[in-house]
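Observations on the model geometry
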Amino acid sequence: MEEVRCPMCGKPNPADLDVCRFCEARLRPVWDPESPASSEPSTGDEDLPDWLRSLGTPDPKGSEAEPAAEELWEDQSGESDAESADFTLDAGDWLSRIGVDAPPHSTEDVPPPTYEYQIEEPDDGFEWRVPEDEDLPDWLKRAEIEQPDWLKRTESTGPAADVPVAADLPEWLIEPTALPQAPGAETVGDADSEPQAEESGAQEQPTGLEAEFDSLPDLLAEPEAFTDLPEWLAGAAELSQTEVGAADSSGAPGSPDFQADLPDWITSDAATQDAPDLEFRETPADIPSQLESIGAPSVESPAKTDAAADDDLAAWLSALEADDDAVGDVILSKADETEAEGDLSWLSELEAAQTGLDLVADDAADALSVEGAFDDAPAPSGLPGWLGQAAAEAETPEKPPEAADDLGVAELPSWLQAMRPLGATEFAPHASAPTGEDQVEGAGPLAGLRGVLPAEPDITRIEKTAADIVRLQISDAQEVQVKLLSEMIELEAQSPTVIPRSTTATGAALRLAVSLLLLVSLLVAIFTGLPAYRLPLPPAEVVHAVQLIESLPAGAPALVIVDYEPGYSAEMDPLTRSVVVHLIQRGLVPVFVSTLPTGPMQIQRLVTAVRADDGQPLESGRHYTNLGYLPGGALGMANFAAAPRSAFVLDGSEVPALQPVDSLDDFAVAIVATESPERARGWVEQTRFRLGDRPLMMLTSAQAEPLVRPYYDSAPAQVAALVGGLRGAVAYEINTGQVSTAAGSWSPYNLGLILATIFMVLGGVVSWMGSRITGRREQQAVKGASGRNE
Amino acid sequence: MNEMLGTLIGLFFTLLVFSYLLGDNVLFRLAVHIFIGVSAGYVVAVLATNILWPRLIAPLLGGAPAEQLAAVVPFVLGLLLLARALPRISGLGSPVLAFLVGVGAAVVVSGAITGTLIPQTAATINRFGPGEPAPGGGPSGWGFLDAAIILVGAVATLAYFQFHKRISLPVYSQAVGWIGRVAIAITLGAVFAGVYMAALAALIERLGAVVGLFKGFL
């Protein structure tokens, strides 16, 4: 069995198939002028209407069976030879394929004549191309499936007697004087589908022209096909449908309903002039000559030039707008108002989309005039696909100017305008290189050409501007506030500038003079011992302290807290040493502890300078005990006051003196030697309640004595005894009969105090006098200025 | 010999400190830096030998199980406290630091209330008792006057620390504030005198050491 390869998918199919079994593409064209079957009735034309079938191939039987049709054609056109009635059509394919010499069906028994017509390609610059089968869209190739009944009934094949084509054709096609009968021409079938015509339809598969007629008449005849139509087309169909509905349902070719289905240009005045019982609607004024010859074959249908054909096409297309035809009304109603004035070149654009032609005409943009008409044109089953596709293609993004002007600039509210950043558009990314038709290509094979499409999309040429900071719109008040805030923040970051005092040379000299005077005086006093000052009388607190130590039992441990810094050793060492010596003389065992890291060193220096009664150095553990450093500050004091033994890792064998000590009140006395008023207060606060009846004695520096005295002067006194400073040390040594080591410092100490007093007094007096002099000068200056002003 | 060497070094640094009379200079800064460094080093040595080793490390290494268990807690807390030095893990030491600060504040505040505030207030009240002698001896009337002065001075000092920007204080409030300012001045003067006396004693001791050294050389 022979196989035919499908032009679409390339797969082999049996030769007898008309449609590919894989992709359902047509294997054989609907109408192939080159094929011999196209010139003679073929079995595939059973689906075509007779009138359509007769257009494609000359039907000898038709010519014999319809002598009346020839006569009709002859009467009207005066031309009997249908073969010579060839004309060129430069319109769409479907128009061009219409057999101009197609004779109408005059009788029912007469087979539809066939016509031959030629297509003369116009040379008006358009590149016309008759699409091959493989170029046909799928809808066209599937036209066999969607062939309307009227097309199927009017098939030219088969016995003419079995083809009741006359009933399907319009009268103007059936009348012998209407159209010249062309050999092999097929008659145009009725739009209304009839079972008879369908059964005896042409065996030949409908060609491209026939397929185009498939959907259009079907669209007009079947109401269900109108559901997916655009409104402008649906209106026309509905209108035609209403007209058809009132006509004979048999769908005789000459019946008004069939005639109403046909476009107006088909039902022209010339064509229907001699056609009896024809009710044509008002036809456009200009009907292409090639279409006029359908109804009047006698009329010459010369080969028009391409320009003339275009003019005719444009003329009858443009005449549609003035027509009160429903189709035109629907079109106008759907088009934009501005576009309603008559630019219907969209139809030509649709044809170009169908045939694959490239329209370079400027009328392409005008196709938007009926853009709205194509909004509802997806690809319905009854609507030709080319109609929907052309509608989509016609929707170019370019808007007509009139339509763009209708869009006014939106008015932003004030608050939104304030939020809009300044210079947003100027800082918006933009294409680096301008594009347009004026842009001349500078490189590549297209160098020198204008309007060259860029090889790279615009998105790749977008670059940011140098300044990518977007500024906000702020008012003057806001700007001032922003400046103030920024200044405040800057001031916080800046360190305050210290204005240096203007130190004069006299200030430095005065300071140096005072220092030298003091140093010299002290050196003289130390070196010579002059002037000799009387040793101080023991103050009351010193006497009380001595009495306190005297009252302590011998052999009892005495807690001595050494909490002064090494820098105060010159003042505190004599005082502390005198007390420790007194303790040892009384037989008490000093237990030293310190809350300072340097305390143990201070304690060691202290005990080194003390000698026992026998003149021997003191022994640790026997004569004294050094517990060392007590960490923790106030916490350490509290811990030691609560549990003295747990504060130190003590072993009874190492410290026999501490064997009877379990709590703080087991000590005979607690002596605190410190130069800091804070540490003195801390020991008072932490140990006062732990000591119970045991006395607390303070040995302080001269600077801490005023701050510790309230504890001594309070009633009840929290501090039992208070000895402070070098004066207290000297007094304590004298009162205890010790060899005073502090007495040698008494004279320079007093001299230094006297000199300091003199300097303070003199300095105060001089400062007071200087301020008064300065004030008087300022007052005099002010008075003088005010006097001059007066 | 060691005593002589120590004396000479002391003399050297004494002269370096005295150079401040001529103004801030490198010698004085050298002496200050050395003093701070030596003090810090000595403190570290004392802490390591007297605290860390005998109370923390030794029990962990060779102590009894009970001692070891007792030493683990402070050891871990100490490590967490050291984490404060690293910014990333400084948060680990926050609880430990908070514990220390909280306990220390509790001890200080409780001691201040029970050891200073209440007793001193009571003592001031008791001063107004009839027949109460003056501190340090004297007629009984002096005690009452002394107490009154103390009371006025304390109240006036507290009243002085009122700062208003826009509101002008009344006359009596300004008078009390003036009295408080006088009391503060007297207190600061007394403290300054004690500081001077302490410093003078230190100066005399240093000058005496220098003189004694020169006498020894002579």
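Residues numbered from 1 in each chain as written. Chains lettered and ligands numbered in written order. Predicted model: local features only at pLDDT ≥ 70, side-chain atom pairs only at ≥ 80, totals over all residues. Heavy atoms only, no water.

**Quick word on the environment of V672(A)**
Residue and element names in this part refer to chain A. Looking at where V672 falls in the secondary structure, it is placed in strand 8 (residues 669-674). On the accessibility criterion, V672 (0% relative accessible area) is buried. Along the backbone, V672 and S594 are 78 residues apart, and their C-alpha atoms lie at a distance of 9.4 Å. Look past the residues within four positions of V672 in its chain and what remains in contact with it is I561, W683, L696, M697, M698 and L699. (Helix = DSSP H or I, 4+ residues; strand = E, 2+ residues; numbered from the N terminus. Buried < 20%, exposed > 50% of the residue type's maximum accessible area, 1.4 Å probe, protein only. Contact = heavy atoms within 4.5 Å.)

**Let's talk about the sheet that holds strand 5 (residues 557-563) of chain A**
Residues and elements named next belong to chain A. Within the open sheet, the 6 strands sit side by side as 7-6-5-8-9-10. Their pairing is parallel. Each having just a single partner strand, strand 7 (625-629) and strand 10 (721-724) make up the two edges of the open sheet. Between one strand axis and the next, the sheet turns by 15° as a mean value, whatever way the strands run. As paired elements, strand 5 and strand 8 share 6 bridges and run parallel to each other. Among the inter-strand pairings, A558 is bridged to a residue of strand 8, identified as V669. In the packing of helix 23 (residues 569-586) onto the sheet, contacts are made with strand 5, strand 6 (589-594), strand 8, strand 9 (696-700) and strand 10, and the angle to strand 9 comes to roughly 145°. Its contacts with the sheet place helix 28 (residues 705-713) against strand 9 and strand 10, and it is angled at close to 165° to strand 10. (Pairing = 2+ DSSP bridges. Axes fitted to C-alpha atoms, helices over the stretch in contact; angles between N-to-C directions.)

**A look at helix 23 of chain A**
Taking 1.5 Å as the rise per residue, helix 23 of chain A with 18 residues should run 26 Å; its terminal C-alpha atoms sit 24 Å apart, in good agreement. G587(A) occupies a position one or two residues after helix 23 of chain A and carries a positive phi of about 90°. (Expected span 1.5 Å × (residues − 1).)

**Observations concerning the pairing of strand 5 of chain A**
Residues and elements named next belong to chain A. Within strand 5, 7 of the 7 residues are buried, which leaves the element mostly enclosed by the surrounding structure. Of the two faces of strand 5, the one lined by P557, L559, I561 and D563 and the one lined by A558, V560 and V562 are each fully buried. The pairing of strand 5 with strand 6 spans 5 bridges and is classified as parallel. Following the sheet pairing, A558 is matched in strand 6 by P590. The handedness of the strand 5 to strand 6 crossover, carried by helix 23, is right-handed. (Right-handed = clockwise from strand over helix to strand, strands pointing away.)

**Some thoughts on the side chain of R679(A)**
Considering the arrangement of structural elements, one finds R679(A) in helix 27 (residues 677-691). Beyond its immediate sequence surroundings of up to four residues, R679(A) is in contact with D563(A), E565(A), T595(A), L596(A), M637(A) and T674(A).

**Looking at the pattern of salt bridges**
All names here are of chain A. Tallied over the entire structure, the rule returns 9 salt bridges over all chains. The salt bridge partner of D573 is R605, with a shortest N-O separation of 3.0 Å. Highlighted residues: D573 in helix 23 and R605 in helix 24 (residues 599-609), separated in sequence by 32 residues. Of the residues examined, D573 reaches a relative accessible area of 8% and is grouped as buried. When its relative accessible area of 45% is taken as the criterion, R605 is described as partly exposed. Put simply, R709 and E705 hold a salt bridge, and the shortest N to O gap is 2.9 Å. Of this pair, R709 and E705 both sit in helix 28, separated by 4 residues, roughly a single helical turn. (Salt bridge = Lys/Arg side-chain N within 4 Å of Asp/Glu carboxyl O.)

**Description of the side chain of T687(A)**
Residue and element names in this part refer to chain A. Residue placement: T687 occurs in helix 27. Within the local environment of T687, its side chain forms a polar contact with the backbone oxygen of W683, the two atoms lying 2.3 Å apart. The residues contacting T687, other than those within four sequence positions of it, are A641, L664 and L696. (Polar contact = N/O pair within 3.5 Å; in protein donor to acceptor, adjacent residues only side chain to side chain.)

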